[in-house]
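Each chain, written out:
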Amino acid sequence: MTEPRILGMGPCKVMCIIGTRPEAIKMAPVIRAISKCPSLHAHVLMTGQHREIAAQALESFGILQLNWLKIAKGCHDLADQAGELLKGIRKHISEHHPEYVLTHGDTTTGFVGALAAFYGSVAVGHVEAGLRSGDLYDPFPEEANRRLADQLCHRMFAPTSIARDNLLREGISSDKILTTGNTVVDAVRHLAREIKPARELAELQGVLGPEKRIALVTTHRRENWGQPMRNICNAIKRSLNAHTDLQVVLPVHPNPAVKDVVVSVLEKVPRVHLVEPLSYETLIALERDADLILTDSGGIQEEAPEFGTPLLILRKTTERPEALTSGFAKLVGTNQKAIVDEVARILRSDQTKVDRKNPFGDGHASQRIAQAVETHINSTHDIKIRNVG
């Protein structure tokens, strides 16, 4: 049990737990919104899975004060990683006494952060709650992480009405759910106003060729390791042979299970630009300026609609059906023919951009979350005062 905060002793501490770069990007606007509330103080805890690039993403939003969790290195097994994270986060909570904890999404950090807060009797909110694929093992272990985290939280911040309905079907009380929009829309709108065209950015100078059309490709998911990823890479080769005005930019994930396959198939293919992981600003510029995107990333499914860029999802399932029903994306899996055919369909169109409203939010999700946290803390304090009185 954490020690209670003494009323009148300054802003309430809200611990924001972050593990990966996607979490950092989506939590950054929330941290900024919390910091603008006079009664709240954002305490950022980084668990370090994507240490450098996650910190770099937060720096893009002016967030520099970070607390790093010290855990044993080399924990690649999910059970070992979860155990180390639970011990470390629980210890950090007991030392820093937050009034509220926020975790995000579907990572092991998100689930274990909620569990550690629960064990410490600290109120916890789940940002991006309620996403479901319907298959406990796909995506693995993300689907399970989301379901488990949602059972532990005092408040679930659902990004869409579909996510809210998922939670209601699971028996979660409606008064625990707030539909906010997705914070990634807040993040993208904050940065996109300042980002130059992709061809003018330093990271891409000397990379992009003269070809008019650009396809951004990202692939890294565990369920696509091995032959599925080889299928994706071969489909890229076939698409380039069919479309000589097309070039591909592929930031290569450093995991050997990804890198070895991508490099072995695509390293010497003309008009394929294999690059190191890009800064978030450069990635957003490419999403905005590309003619199409092929990805197995969840975050990019939410970001690309902000720019109307057509999206092919390299997965069997998605927890973001809004991207499909709104017409921004199509689920193609890892079948070579399906990928090649859909790339051709998009490139045959005279106008590749999709002119529709982003189904994932209006850019104000973070303010709604910060206000809800502030209201929850204040109401809890009011109850304590009445009980004391």
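Residues numbered from 1 in each chain as written. Predicted model: local features only at pLDDT ≥ 70, side-chain atom pairs only at ≥ 80, totals over all residues. Heavy atoms only, no water.

Draft legend 1. Here's a closer look at a nonpolar patch on the surface. A cluster of nonpolar side chains, contributed by Leu136, Tyr137 and Phe140, occupies part of the molecular surface with about 320 Å² of accessible area. Within the element layout of this structure, tyrosine 137 appears in the loop between strand S5 (123-127) and helix H5 (142-150). (Patch = residues over 30% accessible without salt bridge, like charges linked within 9 Å, V, L, I, M, F, W, Y side chains within 5 Å. Areas by Shrake-Rupley, 256 points an atom, 1.4 Å probe, with all protein chains shown as cover. Salt bridge = Lys/Arg side-chain N within 4 Å of Asp/Glu carboxyl O. Helix = DSSP H or I, 4+ residues; strand = E, 2+ residues; numbered from the N terminus.)

Draft legend 2. Region of interest: the sheet that holds strand S8 (residues 213-218). The six strands lie next to each other as S10-S9-S8-S11-S12-S13, forming an open sheet whose pairing is parallel. Every interior strand has two partners, whereas the edge strands, strand S10 (272-275) and strand S13 (329-331), have only one. Across the sheet, the axes of successive neighbouring strands diverge by a mean angle of 20°, strand direction being ignored. Sheet topology note: the strand S9 (residues 246-251)/S10 ladder contains four bridges and is parallel. Bridge assignment links valine 249 to a residue of S10, and that residue is histidine 273. Across the sheet, helix H10 (residues 280-289) lies against S8, S9 and strand S11 (292-295), angled at about 130° from S8, the strand it touches most. (Pairing = 2+ DSSP bridges. Axes fitted to C-alpha atoms, helices over the stretch in contact; angles between N-to-C directions. Contact = heavy atoms within 4.5 Å.)

Draft legend 3. Main features of the nonpolar core. By size, the foremost hydrophobic cluster in this structure holds 64 residues, and its most contacted members are Val14, Ile31, Ile34, Leu58, Leu102 and Val373. Looking at which element gives the most residues to this core, the answer is helix H1 (residues 21-35), with eight residues. The contacts of valine 373, once residues within four sequence positions are left out, are Val14, Leu40, Tyr100, Leu102 and Phe157. (Core = buried A, V, L, I, M, F, W, Y, C linked by side-chain atoms within 4.5 Å. Buried < 20%, exposed > 50% of the residue type's maximum accessible area, 1.4 Å probe, protein only.)

Draft legend 4. Inspection of the sheet that holds strand S7 (residues 177-179) at higher detail. Reading across from one edge, S3-S2-S1-S4-S5-S6-S7 is the order of the seven strands in this open sheet, with parallel pairing throughout. The strands lining the two open edges of the sheet, one partner per strand, are strand S3 (67-68) and S7. As judged from the seven bridges shared by strand S1 (residues 12-18) and strand S2 (residues 40-46), these two strands associate in the parallel manner. Counted as the bridge partner of isoleucine 17 is leucine 45 from S2.

Draft legend 5. Spotlight on the pattern of salt bridges. Tallying each qualifying case throughout the model produces 22 salt bridges. The shortest N-O distance in the salt bridge between aspartate 289 and arginine 288 comes to 2.9 Å. A salt bridge links aspartate 362 to arginine 368, with the shortest nitrogen-to-oxygen separation between them at 2.7 Å. The structure contains a network of salt bridges with shared partners spanning Lys26, Asp106, Glu128, Arg146, Glu302, Arg315, Glu319 and Arg320.

Draft legend 6. Just the pairing of S5, in detail. Where burial is concerned, most of S5 is hidden: five out of the five residues are buried. Of the two faces of S5, both are covered, the one formed by Ala123, Gly125 and Val127 as well as the one formed by Val124 and His126. Chirality of the crossover, the property in question, places the unit of strand S4 (residues 100-104), helix H4 (residues 108-119) and S5 among those that are right-handed. Sheet analysis places S5 next to strand S6 (residues 155-158), joined by three bridges and oriented parallel. Across the sheet, valine 127 pairs through a bridge with phenylalanine 157, a residue of S6. Taking the sense of rotation as the criterion, the β-α-β connection linking S5, H5 and S6 turns out right-handed. (Right-handed = clockwise from strand over helix to strand, strands pointing away.)

Draft legend 7. Highlighting unusual backbone geometry. Backbone torsion omega between aspartate 138 and proline 139 reads 0°, so that peptide bond is classified as cis. Within the element layout of this structure, proline 139 appears in the loop between S5 and H5. A cis geometry characterises the amide bond from phenylalanine 140 onward to proline 141, with omega recorded as 0°. Mapped onto the secondary structure, proline 141 falls in the loop between S5 and H5. Here the phi dihedral of glutamate 128 falls at roughly 70°; this positive angle occurs in a residue that is not glycine. By relative accessible area, glutamate 128 is classed as buried at 4%.

Draft legend 8. The environment of valine 188, seen in detail. Turning to its location among the elements, valine 188 is positioned in helix H7 (residues 183-192). Here valine 188 falls in the buried class, since its relative accessible area comes to 1%. As a C-alpha pair, valine 188 and tyrosine 280 span 92 residues in sequence and 9.6 Å in three-dimensional space. Those residues in contact with valine 188, other than ones at most four positions away along the chain, are Tyr280, Ile284, Glu303, Glu306 and Phe307.

Draft legend 9. Quick peek at the side chain of threonine 318. With respect to the helices, strands and loops of the structure, threonine 318 is situated in the loop between strand S12 (311-313) and helix H12 (321-325). In terms of polar contacts, threonine 318 uses its side chain to reach the side chain of glutamine 301, at 2.6 Å. A distance of 3.1 Å separates a polar atom in the side chain of threonine 318 from the backbone nitrogen of arginine 320. (Polar contact = N/O pair within 3.5 Å; in protein donor to acceptor, adjacent residues only side chain to side chain.)

Draft legend 10. Representation of the environment of valine 252 in the model. Here valine 252 shows up in the loop between S9 and helix H9 (256-266). On a C-alpha basis, the gap between valine 252 and asparagine 335 in space is 20 Å, while along the polypeptide they are 83 residues apart. Residues contacting valine 252, with those up to four places away along its chain left out, are Lys259, Val262, Leu274, Val275 and Pro277.

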